Amino acid sequence: MIRQLVTRDSVAVTGSIIGLASLPLGWLTLKSSRLAAGTSLSLWQVVGWDGTMVMLGLWLIALTLSLTKKTKWQAISLGISANVILIITLALAGFESSRMLEAEETFARVSPSAGIWVTLIASYILVFAARQGLQEAPAWRHLVSWTGLAAIGIMLAIGWLDSLSLVQEFSGREARFQQELVRHISLFAGSVTVGTLIGVPLGIWAVRSRRAEKPIFYLANITQTIPSLALFGLVIAPLSALSFAFPFLREIGIRGVGPAPAFIALVIYSLLPIVRNTFVGLRQLDPAVIDAGLGMGMSRAQVFRRIEAPLAAPLVLEGVRTASVQSVGLTTVAALIGAGGLGWFVFQGLGQAATDLILLGAIPIIGLALVVDTVMRTLVRLSTPKGLGGGEP
Amino acid sequence: MIRLEHVTKIYGDTLAVDDLSLEVNEGEVCVLIGPSGCGKTSTLRMVNRLIEPTSGRILVNGKDIRQVRPERLRQSIGYAIQSVGLFPHLTVGANIATVPELLHWEKSRIARRVEELLELVGLDPKEYAQKYPSQLSGGEAQRIGVARALAADPPILLMDEPFGAVDPLTRERLQAQFSSIQQELKKTVILVTHDLDEAIRLADRIAVMSAGKLVQYDTPEAILSRPASKFVHDFVGADRALKRLSRISIQGFVHPSPSIGVNATLSEAMAALQSHRSAWVVDHQGQLLGWVDQTTLSAAASVREAIVAQDVTEISLSSSATLREALSRMLGQGFKSIPVVDENRRLIGEVTLSDVEAATAEAEA
């Protein structure tokens, strides 16, 4: 019987159980100032027993749906309940935090506690489970995936969540946030672009020349094994030497610390996935296809343009996707050598032990990684020739 | 049309093709055959310069192919290979259109040509032009491969085991189709195979190769009846007499056979069987119904009742069949003669076991 339940939808069941487990956890934390330790308030302390019963009821509905036989409508109901939980949780958090702050001193802060974070995670596990059941119904799948995020966006825009400490942290640093976000995006996007421009030709070279293959992969593999911070450090030394030797480099902003060494290190990191996927994409092609192309009178360039490039494109883009997602993360570390980016908030926050500041950096980084991943997956799918199934890789 | 003069190809220290000279006449099918590694594929690939000979020269229409740009040369020579090599990201139509596109034909002309070729290889253009190679069966893919090779109507066709990757039944069907296409188009063809039956079936001349050397170049009949060396003798095998029969059409051997109308009286039927052990029975249109013999006739009340009616298609042959097929029917059915029918199943005549024996003896002599 348990086996039967588990085979029903183990992901959704897990999500529901995690959701139920979030109920007794601390919900909001009230602090007298930004850096002070606070008092954790439970769900019933915040919203009372009736509110608690509503949350409990919603999670029990979700659990029941998780144990129900998988159908399209089961998946839709599951997705809807997950979104309702998400929206109600945040709406309550926004409402209750402003109510609590009214009674407190100016410097007091209210921040979400473990309970809210766990609820968010659990509801997205349910969204994920619901998506699996909606492969055939893309309209519902998109609705289930994006409603919650859209609601969060609206609540942020209309100021509903303004009393939460994280949003307050943002309000004080709006200009800085924008600057670091742009810096983060240009660092990772620029480095992946340059990495692609170098990596793709290297991959092609490795396929064409047996002599080049070994050293190219040796280097690409080695760089990947160097820890990111160490690589950033390694780039600093030669760059500062260069900028001392050629002062004009300093004038255009190339110095031992700052964005320049970070950019170089990020380019180096992006090489391996791109070189490797270009190599595999070309190497896996059926030799008969190329033989047929040449045998029918295509020039080498025509074979590349008409056959090899379109057939290898999805794998190459898959490599660019890996490099992009990886680069979004690594750019965070680049803040340590003065390159800026969203990592700046993370490390500032770590230094001050200010959790909200850390989150102000971390949450957009995660969001950015997810967006980049989605966009690149779409590109991969669009680039897959129809004759090759056209599905997800 | 195609002339190879003292062509040698050496890879590293392996001698792949050794001083090979060969001439293929216009409109002929030359089949290169031999054990694997004998250099037949290398020979083929030198003709369109996919590989270059180490020494010697190759002439096409009297012109040394080294004077032609490889791309231009290959565009004028059809090329079909065992693994087909259809471009998986292009539709069947776009695959067939490859060479015409390289030659910058007009769009409407290409579309017409694609349709023509699909019809030529027996695939419905409406259904197949928009399909992708992954949606084709092995046999269909090979037919598209041949259609693609024929696209720009090249006078020469190079085929490397073009029917190799399919099951025997499909292969036979493709070979028959190729024969009839070739009869219509009269291309100059060099075809590589390791399948002797295929060579005998398709070739005007067979080039037997061994260790890079041409050991015999002759008509299939001659190769089978007069192997030039022990190697060829062993290669064609002990059943070469049988194989030779598949080169001989039954057409010259069909002679009138005793037949009885289904409405004949018993006594008429008995009279017809005076000189034969059995007779074929036909209806009023002359269509074959089965056969009768004295035993079945004596036990029956009418000719219709006496017919031993097997599946008629199983015992009869069409006039395009070979003596080998006739012999195999005889052995399979236990008959001494096999009826031959036209496309409307009307009885034309019969072929007898003694005809097959006579043909064998004649070829042996």
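Residues numbered from 1 in each chain as written. Chains lettered and ligands numbered in written order. Predicted model: local features only at pLDDT ≥ 70, side-chain atom pairs only at ≥ 80, totals over all residues. Heavy atoms only, no water.

1. Things to note about unusual backbone geometry
At Ala353 of chain A, a position not held by glycine, the phi torsion is positive, near 55°. Of note, Glu161 of chain B is a non-glycine position whose phi angle comes to about 45°, a positive value. Within the secondary structure layout, Glu161 of chain B lies in the loop between strand 7 (156-160) and helix 8 (168-185). The class for Glu161 of chain B is buried, based on a relative accessible area of 11%. (Helix = DSSP H or I, 4+ residues; strand = E, 2+ residues; numbered from the N terminus. Buried < 20%, exposed > 50% of the residue type's maximum accessible area, 1.4 Å probe, protein only.)

2. Observations regarding the interface of chain B and chain A
Listed per partner, the contact involves 23 residues of chain B and 20 residues of chain A. Buried surface at the junction of chain B and chain A, summed over both partners, amounts to about 1,800 Å²; 65% is from carbon and sulfur atoms. Of all residues in chain B, the largest losses of buried area upon contact with chain A belong to Phe87, His89 and Leu102 of chain B, amounting jointly to 32% of the total for that side. Joining chain B to chain A, the criterion identifies two salt bridges. Across the pair Asp291 of chain A and Arg45 of chain B runs a salt bridge whose closest N-O atoms are separated by 2.9 Å. For the pair chain B and chain A, the number of links is five residue pairs in polar contact (both at pLDDT 80 or more). Counting residues per element, the ones that place at least two in the side of chain B that touches chain A are helix 2 (70-75), strand 6 (77-81) and helix 4 (98-102) of chain B. The element that contributes the greatest number of residues to the side of chain B that touches chain A is helix 4 of chain B, accounting for four residues. Of the residues that constitute the side of chain B that touches chain A, the class distribution is eleven nonpolar, seven polar and five charged. (Contact = heavy atoms within 4.5 Å. Buried area = accessible area lost by both parts, 1.4 Å probe. Salt bridge = Lys/Arg side-chain N within 4 Å of Asp/Glu carboxyl O. Polar contact = N/O pair within 3.5 Å; in protein donor to acceptor, adjacent residues only side chain to side chain. Nonpolar A, V, L, I, M, F, W, Y, C, P; charged D, E, K, R; others polar.)

3. Quick look at the packing of aromatic side chains
For the structure shown, the criterion picks out twelve aromatic pairs over all chains. Arranged with centres 4.9 Å apart and planes meeting at 75°, the rings of Phe217 of chain A and Phe279 of chain A form a pair that is edge-to-face. Here Phe279 of chain A lies in helix 11 (residues 259-283) and Phe217 of chain A lies in helix 8 (residues 210-225), a separation of 62 residues in the sequence. Put simply, the rings of Phe170, Phe177, Trp344 and Phe345 of chain A touch in pairs and so form one group of aromatic residues. Directly above the ring of Trp344 of chain A sits Arg176 of chain A, whose terminal nitrogen or CZ lies 3.6 Å from the centroid. Cation over ring: Arg109 of chain B sits above Trp105 of chain B, and NZ or CZ is 3.6 Å from the ring centre. (Phe/Tyr/Trp six-rings, centres within 6.5 Å; stacked < 30°, edge-to-face > 60°. Lys NZ or Arg CZ within 6 Å of the ring centre and 35° of its normal.)

4. What to know about the sheet that holds strand 11 (residues 259-261) of chain B
All names here are of chain B. Taken together, three strands build an open sheet; the order of strands is 11-12-13 and the sheet is mixed. This sheet does not close on itself; its edge strands, each paired only once, are strand 11 and strand 13 (288-293). When the angles between neighbouring strand axes are averaged without regard to direction, this sheet yields 35°. Where strand 12 (residues 278-282) lies against strand 13, five bridges are found, and the strand directions are antiparallel. Its bridge partner lying in strand 13, Ala279 is registered against Val292. (Pairing = 2+ DSSP bridges. Axes fitted to C-alpha atoms, helices over the stretch in contact; angles between N-to-C directions.)

5. Section: the nonpolar core
One finds Leu22, Ile96 and Leu118 of chain B to be the most contacted residues of the largest nonpolar core, which totals 105 residues. Per-element accounting of this core gives the leading share, six residues, to helix 7 (residues 138-150) of chain B. The contacts of Leu22 of chain B, once residues within four sequence positions are left out, are Ile2, Arg3, Leu4, Cys30, Leu32, Ala207, Leu214 and Tyr217 of chain B. Leu78, Ala82, Leu86 and Ile116 of chain A belong to the second-largest nonpolar core, a separate cluster that totals 40 residues. (Core = buried A, V, L, I, M, F, W, Y, C linked by side-chain atoms within 4.5 Å.)

6. Remarks on the side chain of Ser163 of chain A
Mapped onto the secondary structure, Ser163 of chain A falls in the loop between helix 5 (138-157) and helix 6 (165-171). Apart from the residues lying within four places of it in its own chain, the contact partners of Ser163 of chain A are Ser97, Ser98, Leu101, Val110 and Gln168 of chain A.

7. Quick notes on helix 11 of chain A
All names here are of chain A. Over its 25 residues, helix 11 extends 36 Å from the first C-alpha to the last, a length consistent with the 36 Å expected when each residue adds 1.5 Å. When the local axis directions of helix 11 are compared, the greatest deviation, roughly 30°, occurs at Leu271, which is followed within four positions by the proline Pro273. Most of helix 11 is tucked away, with 18 of its 25 residues classed as buried. (Expected span 1.5 Å × (residues − 1). Bend = angle between axes of the 7 residues up to and from the residue.)

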